[in-house]
Amino acid sequence: MFDSIIKGGRWFDGTGAPSAIRHLGIKDGKIAAISETPLDETGCGRVVDAEGKWVLPGMIDIHTHYDVEVLLDPALSESVRHGVTTVFVGSCSLSTVHVDGETAGDLFGRVEAIPREYVVSGVDTKKTWSGAAEYADALAELPLGPNIAGFIGHSDIRAAVMGLDRATRNEVTPTAAELAEMERMLTEALDAGFVGMSSQQLMFDKLDGEVCRSRTLPSTYAKRKERGRLNGILRARGRALQGGPDIGSPTSLVSMALSSTGVFRKPLKVSLLSAADVKAVPGAAKMFPAVGRIMNALRGDFRWQHLPVPFEVYSDGIALPVFEEFGSGAAALHLSNQIEEQRHLLQDEEYRRSFRKDYDSKFGPRAWHRDFFDADIVACPDESVLGKTFGQVGLDRGGLHPVDAFLDLVVEHGDKLRWRTTISNHRPDVADVLTADPSVQLGFSDAGAHLRNMAFYNFGLRLLRRVHEAQRTERPFMTVEHAVHRVTGELADWYGLDAGHLRVGDRADAVVIDPAHLDDSLDAYAEAPIEVFGNLSRMVNRNDDTVTAVFVNGRYVFGAGQADPALGTERVGTFLRAS
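Residues numbered from 1 in each chain as written. Predicted model: local features only at pLDDT ≥ 70, side-chain atom pairs only at ≥ 80, totals over all residues. Heavy atoms only, no water.

- For the chain, an unreviewed UniProt entry supplies the name N-acyl-D-aspartate/D-glutamate deacylase and the organism Nocardia neocaledoniensis.
- For the record of the chain, the UniProt heading Cofactor (unreviewed entry) holds the text "Zn(2+)". (UniProt positions renumbered as here; feature names shortened; annotations may be inferred.)

**Some details on the nonpolar core**
Right, on to step 1. Formed by 142 residues in total, the largest nonpolar core has its most connected members in Phe194, Phe323, Phe355, Phe372 and Phe406.
Right, on to step 2. No other element matches the seven residues that helix α16 (residues 402-413) contributes to this core.
Right, on to step 3. Split by domain, this core shows at least three residues from each of two domains, domain 1 (1-57 + 457-572) and domain 2 (313-423).
Right, on to step 4. The residues contacting Phe323, other than those within four sequence positions of it, are Ile318, Gly329, Ala330, Leu333, Phe355, Trp368, Phe372, Phe406 and Trp419. (Core = buried A, V, L, I, M, F, W, Y, C linked by side-chain atoms within 4.5 Å. Buried < 20%, exposed > 50% of the residue type's maximum accessible area, 1.4 Å probe, protein only. Helix = DSSP H or I, 4+ residues; strand = E, 2+ residues; numbered from the N terminus. Domains from an automatic or database assignment. Contact = heavy atoms within 4.5 Å.)

**Quick look at the UniProt feature "domain: Amidohydrolase" (unreviewed entry) in the chain**
Right, on to step 1. Mapped onto this numbering, the UniProt entry gives "domain: Amidohydrolase" (unreviewed entry) at residues 46-207.
Right, on to step 2. As annotated, residues 46-207 has a helix share of 41% and a strand share of 18%, and its two end C-alpha atoms lie 48 Å apart.

**Focus: the side chain of Gln201**
Right, on to step 1. With respect to the element layout, Gln201 can be found in the loop between β9 (196-200) and α9 (224-237).
Right, on to step 2. Reaching out from Gln201, the side chain makes a polar contact with the side chain of Ser252 at a distance of 2.6 Å.
Right, on to step 3. Leaving out residues up to four positions away in the same chain, Gln201 has contacts with Thr220, Arg227, Gly244, Pro245, Asp246, Ser252 and Met256. (Polar contact = N/O pair within 3.5 Å; in protein donor to acceptor, adjacent residues only side chain to side chain.)

**Brief notes about the packing of helix α13 (residues 339-347) against helix α14 (residues 349-360)**
Right, on to step 1. With their axes 5 Å apart at the nearest point, α13 and α14 run at an angle of 70° to one another. Classified by the angle their axes make, α13 and α14 are roughly perpendicular. Contacts between α13 and α14 involve Leu345, Leu346 and Gln347 from the former and Glu349, Tyr351 and Arg352 from the latter.
Right, on to step 2. Residue composition of the contact of α13 with α14, grouped by class: three nonpolar, one polar and two charged. (Axes fitted to C-alpha atoms, helices over the stretch in contact; angles between N-to-C directions. Parallel < 35°, antiparallel > 145°, perpendicular 65-115°, else oblique. Nonpolar A, V, L, I, M, F, W, Y, C, P; charged D, E, K, R; others polar.)

**Here's the deal with the sheet that holds strand β15 (residues 418-424)**
Right, on to step 1. With antiparallel pairing, three strands are arranged side by side in an open sheet as β13-β15-β14. Two strands bound the open sheet, and with one partner strand each, they are β13 (311-316) and β14 (376-379). Strand after strand, the sheet turns through a mean of 35° between neighbouring axes, direction not considered.
Right, on to step 2. Direction of pairing for β14 relative to β15: antiparallel, over a ladder of three bridges. (Pairing = 2+ DSSP bridges.)

**Things to note about the sheet that holds strand β11 (residues 269-273)**
Right, on to step 1. Pairing is parallel in the open sheet, where eight strands are placed in the order β6-β7-β8-β9-β10-β11-β12-β16. Looking at strand neighbours, the two that pair on one side only are β6 (59-61) and β16 (440-442), the edges of this open sheet. Across the sheet, the mean angle separating the axes of adjacent strands is 30° when strand polarity is ignored.
Right, on to step 2. Sheet topology note: the strand β10 (residues 240-244)/β11 ladder contains four bridges and is parallel. Across the sheet, Leu241 pairs through a bridge with Val270, a residue of β11.
Right, on to step 3. Sheet strands in contact with α9 are β9 and β10, and its direction is about 150° off that of β9.
Right, on to step 4. Lying over the sheet, helix α10 (residues 250-258) contacts β9, β10, β11 and β12 (301-306), oriented at roughly 150° with respect to β11.

**With respect to the domain arrangement of the chain**
Think of interface size as the accessible area that goes away when the parts come together; that is how it is often given.
Right, on to step 1. Domain assignment breaks the chain into domain 1 (1-57 + 457-572) and domain 2 (313-423).
Right, on to step 2. Placing a centre on the C-alpha atoms of domain 1 and another on those of domain 2 gives a separation of 41 Å.

**Brief notes about the pattern of salt bridges**
Right, on to step 1. One pass over the full model with this rule turns up 44 salt bridges.
Right, on to step 2. Here Arg22 makes a salt bridge to Glu36, at a shortest N to O gap of 3.9 Å. A residue pair is termed long-range when its members are at least 10 positions apart, and Arg22 in strand β2 (residues 20-27) and Glu36 in the loop between β3 (30-35) and β4 (46-49) qualify at 14 residues.
Right, on to step 3. Overall, Glu36 belongs to the exposed group, its relative accessible area being 62%.
Right, on to step 4. The partner of Arg465 in a salt bridge is Asp523, and the shortest N-O contact between them spans 2.9 Å. (Salt bridge = Lys/Arg side-chain N within 4 Å of Asp/Glu carboxyl O.)

**A look at the side chain of Ser91**
Right, on to step 1. Assignment of secondary structure puts Ser91 in the loop between β7 (84-89) and α3 (101-108).
Right, on to step 2. Separated by 3.3 Å, the side chain of Ser91 and the backbone oxygen of Thr64 make a polar contact.
Right, on to step 3. Once you skip the residues sitting within four places of it in the chain, Ser91 turns out to touch Ile62, His63, Thr64, His65, Phe151, Ser198 and Gln242.

**Some details on a nonpolar patch on the surface**
Right, on to step 1. Taken together, the side chains of Val254, Leu258, Val263, Phe264, Ile294 and Leu298 present a nonpolar region at the surface, about 580 Å² in accessible area.
Right, on to step 2. We classify Val263 as partly exposed; its relative accessible area is 39%. (Patch = residues over 30% accessible without salt bridge, like charges linked within 9 Å, V, L, I, M, F, W, Y side chains within 5 Å. Areas by Shrake-Rupley, 256 points an atom, 1.4 Å probe, with all protein chains shown as cover.)

**A few points about the packing of helix α12 (residues 327-334) against α13**
Right, on to step 1. Close contact between α12 and α13 brings their axes to 8 Å; oriented N to C, the two are set at 150°. Considering the angle they form, α12 stands roughly antiparallel to α13. Between α12 and α13, the residues in contact are Ala331, Ala332 and Leu333 and Gln342, Leu345 and Leu346, respectively.
Right, on to step 2. Its residues assigned to classes, the contact of α12 with α13 shows five nonpolar, one polar and no charged.

**Considering helix α17 (residues 428-436)**
Right, on to step 1. Regarding α17, the residues found buried are Val430, Ala431, Asp432, Leu434 and Thr435.
Right, on to step 2. Buried-residue contacts for α17 involve α11 (287-297), β12, β16, α18 (459-472) and α19 (480-486).

This is the structure in structure tokens:
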């Protein structure tokens, strides 16, 4: 007798092995049977007919910023509805394990574009823990939708130990006692089953709030000794470092990559964030596989973390983090909490000269291509500009510089001006190479952050569509089995988690997908209010015909666009601890 049966679907086990038509029986949260012949349905509570469909392990999202949302709405339904059954929190050096609400608000509010007031109140009202072990236990007690795995954030522990002000001053280094306390916090987190530590060196991630506003994240102030001591703990324990190198400093990238190497020492698992095929620097895409091969040839355990879909972003006015990467853009975002002052700044001719200079500069690394002819206006009270680029608007207005056209519209319409552009991962042939490269991990969705800027909750489905279409048109770059492995078992195995596979005895995290609906609906634009953030309308994905059933730990939680009543009300997911 089974709790649930998924019958007659094409089964993928998450190892990359050939798929086959099978019948799966689920009992007590585990895969109890995988059969070539139909299973006995007597007394079975739920039978899912998967004929003509794919049955695969629940997908794993290794890079989210659900740290606050999971406290307020543990269902995390935007990921679950797209077949994601395990999510990682604690990315980019940010976690809510040790800091209080005010500090969490400063860390998350501007960098991740999560409304600061909800970060502050969410952490202050929900926090019942005093350390990593209690945090893990507290999450496990929530009515989780997906399973949760966690990084401990370097900025979190640094700010908690040193205080946010001291932790963000170049002239201040931690005392011996403070460094020992950071090591203790990291060790406690690893003992509690965290997959590792995240540490950011990117210099355009800025703090919110008033006291330390516009300083970079605390982890960017850490010196070599501090980073080495913390990395040594990760290395000894076989856990991972998720890093964000400073794109403006080659030494930052090199040092973080070299920390993985195992010549005369134990390798360190390192996963570095990358916008791998950046429009602004097209030649950089060739560097990533080369660096990966070199680091791993030096006995490293190195991976790039890469989003396998076009990195399309939206912005309301000037509220887009890429502006942080140059001086005039950062000056505008510094005033994002003072709208009138910001408006006056954008009108100032001296400021505009500075912005034009930054825009026209061809030197130095960058994430954004800074091309307003490649930025489409999608919403504006002035309907005459809809569908145009800012460059076109400038030409229409007597040959205005694109920067002036952009700033004029922002001054006039504020956040009612909405526009979009694609920053990276725009070339399908390059994307195919990166997606298949063994030194690349597929993830970097940023789910739960940048709520008005982007939506990659369904990145795994979009990957499967691309692989499936390539096979159908006889230009394959990987098999569907390999693609499934890349977003399931490969990730679980690297991080040491009990997830990502569908074999007898495995955790019954399973997704049923209709390949006939791996179609253009995956790209459709949609918005939905997020109640726990004051009904802010966030960008989401909606392709409800594609995912017909989602199981987490053997429980049916979602299908065909409808959540089961258990999602968010009963404890379905759990805190997964690294082995």
